[in-house]
Amino acid sequence: MEGTVDQQRAVIRQDDASRRAGLRQMRTVATGLLVVMAVIYVLTHGRDGIWGYVNAGAEAGMIGAIADWFAVVALFRHPLGLPIPHTALVRRRKDDLGASLEQFVTDNFLTPQVLRDRLLDAQVVHRVGEWLREPEHAERVVSEAAPFLRRAVERLDEDEIRTFVDDVVLPRVREEPLSPVAGHLLERVVEDGSHRGLVDLFARELHAWLALHQDQVETIVRSRAPAWAPTWVNDQVTRRVYTEVLRWARDVKDDPEHTVRHALDAYLAELGRDLQEDERTRERFESLKERVLDHPQVSATGVALGETLRTSVLDALDDPQGALRTRMSTGLAALGRQLVDDERLQARLDAWVADTVVSLVQRYGPELTSVISGTIARWDAREASDKIELHVGRDLQFIRLNGTVVGALVGLVIHAVSQLL
């Protein structure tokens with residue numbers, strides 16, 4: 001950053017040196033032309049004929065040159081150091097000049113209609129889309145943004161995550177009724193059949209557990225057998241129960257249309273409706289939510305999940321070829337194509353950008369333009385005058401040149417008319 005600032009300062013100094021050299025050169029030319037007129041006037045003084053015309057032109061040229069020299073110098077300083085009234089205008093009226101410039105910018109450049117028209121004519125959204133849809137440009141945006149995203153994620157330490165979970169997430173979850181949301185979500189899950197994969201997994205795991213834990217199942221069943229029954233009867237019944245339970249679990253696992261699966265679908269659908277419509281079910285669900293949120297492990301689990309997510313995001317941002325950055329680049333390129341192809345989207349976004357900029361300018365415009373008058377007010381009067389002269393002084397020297405030439409021509413005309421009269 002410091003190197004960039006030093007480079008900018010060096011460029012500014014170089015530009016100022018170039019302007020100063022140009023100003024000095026034009027001053028020399030304008031002054032040289034005045035000297036030429038003076039020499040011609042001296043050499044032709046008192047002579048008649050054609051030399052009289054030359055003398056009159058040289059005399060008028062000197063007058064024009066001196067008058068315009070006075071006018072140009074009077075803008076920035078007192079001519080010859082004399083405190084002549086209405087001279088050194090820039091030094092004396094510096095603050096007024098800044099206020100006038102501020103008002104000029106406000107009235108002519110920061111009006112809502114001007115800003116809106118220029119932004120709509122610029123087609124900002126279309127240009128952004130054209131640039132962004134190129135894959136290398138999208139990758140460049142992600143590459144430039146990744147370090148900033150990483151620093152932002154790194155700032156989220158464990159204490160901040162805990163504060164966020166305890167002070168923001170859990171109070172909001174506790175405050176908001178979740179039963180309608182859970183019911184609607186469950187209803188949609190059942191309609192789409194999204195839960196069937198989880199049911200398949202549960203059925204497979206249940207069958208596998210029963211197949212591997214025959215002794216434990218038989219022990220549980222035998223513990224429920226009547227004490228008065230003979231042991232061999234209890235063993236037969238226990239083995240029979242285990243065999244039927246295992247067969248039932250296998251049927252549920254293998255048959256997608258098993259009655260248990262249909263019964264589970266019906267129960268989940270009914271539960272989804274009850275969570276939205278049945279007051280008793282909703283109260284029970286909210287009571288369960290409160291009991292879960294009161295458990296101290298909930299906060300610790302939320303912090304652990306947040307820390308895990310944070311670590312995963314940091315690792316993904318560090319990998320240029322990783323899934324996260326690749327997905328971000330692909331998404332940006334797709335967004336760019338959509339911005340180019342969808343004219344309705346372009347129009348909406350262009351209007352939104354224009355409205356946003358106009359709103360910001362209307363709100364903060366006076367603060368922005370006040371920088372002009374504030375900056376000029378802080379300048380030293382002499383420094384301000386020198387800066388302005390450095391930027392426009394070279395062009396002002398042409399006034400002196402034009403005054404010399406025009407004065408000489410006018411002098412010739414006046415002398416000719418005098419001779420005719």
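Counting from 1, residues in each chain are numbered in the order their sequence is written. Local features in a predicted model are, by the rule used here, given only for residues with pLDDT of at least 70; side-chain atom pairs are given and counted only at 80 or more, and totals for whole chains, interfaces and linings are based on all residues. Side-chain measures here rest on the full set of heavy atoms in the structure, leaving out hydrogens and waters.

A.B. asks: Would you mind going over the overall build of the protein with me for this structure?
C.D. replies: By the criteria applied, helices consist of DSSP H or I runs no shorter than four residues and strands consist of E runs no shorter than two, each listed in order from the N terminus. Looking only at helices and strands, the protein features 18 helices and zero strands. A globule of 421 residues ought to have a C-alpha radius of gyration of about 22 Å, yet the protein, at 44 Å, is considerably larger. Along the first, second and third principal axes, the C-alpha atoms of the protein reach 160 × 45 × 45 Å. For the protein, buried positions account for 25% of its 421 residues. Per-residue and other accessible areas were derived by the Shrake-Rupley procedure at a 1.4 Å probe size, with only the shown protein chains allowed to occlude residues. Taken as a whole, the protein presents about 28400 Å² of accessible surface, with 60% of it coming from carbon and sulfur. Neither His nor the chain termini are counted; the positive set is Lys and Arg, and the negative set is Asp and Glu. For charged residues, the charge sits on one atom: NZ in Lys, CZ in Arg, CG in Asp, CD in Glu. For the protein, the separation between the mean place of its 52 positive charges and that of its 65 negative charges on side chains is 5 Å. As defined in this context, the radius of gyration uses C-alpha atoms, and a globule is described by 2.2 Å times the residue total to the power 0.38. Only protein chains enter the accessibility calculation, which uses a 1.4 Å probe; a residue whose area is less than 20% of its type maximum is buried, one above 50% is exposed, and one in between is partly exposed.

A.B. asks: I would appreciate a short explanation of the pattern of salt bridges in the present structure.
C.D. replies: A side-chain nitrogen of Lys or Arg and a carboxyl oxygen of Asp or Glu constitute a salt bridge if their distance falls within 4 Å. This structure, assessed with the given rule, holds 17 salt bridges. Across the pair glutamate 290 and arginine 174 runs a salt bridge whose closest N-O atoms are separated by 2.8 Å. With glutamate 290 in helix 14 (residues 279-294) and arginine 174 in helix 8 (residues 158-175), this pair connects stretches of sequence that are 116 residues apart. When the shortest N-O distance is used, the salt bridge between glutamate 244 and arginine 240 registers 3.3 Å. Of this pair, glutamate 244 and arginine 240 both sit in helix 12 (residues 231-254), four residues apart, roughly one helical turn. Each member of the salt-bridge network shares a partner with another, and the members are Arg27, Arg77 and Glu389.

A.B. asks: Please clarify how the confidence of the model for the protein should be interpreted in this entry.
C.D. replies: Low pLDDT marks stretches whose predicted atomic positions should not be read closely. Confidence in the prediction of the protein, expressed as mean pLDDT, is 85, and 99% of residues score 70 or more. A residue's pLDDT is the confidence the predictor assigns to it, expressed on a 0 to 100 scale. By mean pLDDT, helix 3 (residues 89-92) is the weakest element of the protein at 76, and helix 6 (residues 124-132) is the strongest at 90.

A.B. asks: Just checking my understanding: could you explain the packing of helix 11 (residues 214-223) against helix 12 for this structure?
C.D. replies: When two helices pack together, their arrangement is given by the angle between their axes and by how far apart the axes lie. Taken N-terminus to C-terminus, the directions of helix 11 and helix 12 make an angle of 125°; their axes are 9 Å apart at the nearest point. Classified by the angle between their axes, helix 11 and helix 12 sit oblique to one another. Between helix 11 and helix 12 lies a crossing whose hand is right-handed. Between helix 11 and helix 12, the residues in contact are Gln214, Val217, Glu218, Val221 and Arg222 and Asp235, Thr238, Arg239, Val241 and Tyr242, respectively. Helix axes are fitted only over the stretch in contact, all axes being lines through C-alpha atoms; the angle between N-to-C directions runs from 0 to 180 degrees. Angles below 35 degrees are treated as roughly parallel, those above 145 as roughly antiparallel, those between 65 and 115 as roughly perpendicular, and all remaining angles as oblique. Handedness of a helix crossing follows the sense of rotation of the near helix relative to the far helix, less than a right angle counterclockwise being left-handed and clockwise being right-handed. In this analysis, two residues are considered to be in contact whenever any of their non-hydrogen atoms come within 4.5 Å of each other.

A.B. asks: Please clarify how unusual backbone geometry should be interpreted in this entry.
C.D. replies: Outside of glycine, negative phi angles account for most residues, and trans bonds account for most peptide bonds. Even without a glycine there, the phi angle at glutamine 123 is positive, about 50°. Its location among the elements puts glutamine 123 in the loop between helix 5 (112-122) and helix 6. A relative accessible area of 44% means that glutamine 123 is categorised as partly exposed.

A.B. asks: Teacher, can you tell me more about the side chain of glutamine 346 here?
C.D. replies: Take glutamine 346: it is sitting in helix 17 (residues 343-378). You can call glutamine 346 buried: its relative accessible area is 11%. We call two N or O atoms a polar contact when they sit within 3.5 Å, provided that within protein one can donate a hydrogen and the other can accept it, with sequence-adjacent residues counted only if both atoms are side-chain atoms. Looking at glutamine 346, its side chain comes within polar contact range of the side chain of histidine 126, at 3.4 Å. Among the polar contacts listed, one links the side chain of glutamine 346 to the backbone oxygen of leucine 339, at a separation of 2.7 Å. Ignoring anything within four residues of it in the chain, the contact list for glutamine 346 reads Val125, His126, Leu339, Val340 and Asp341.

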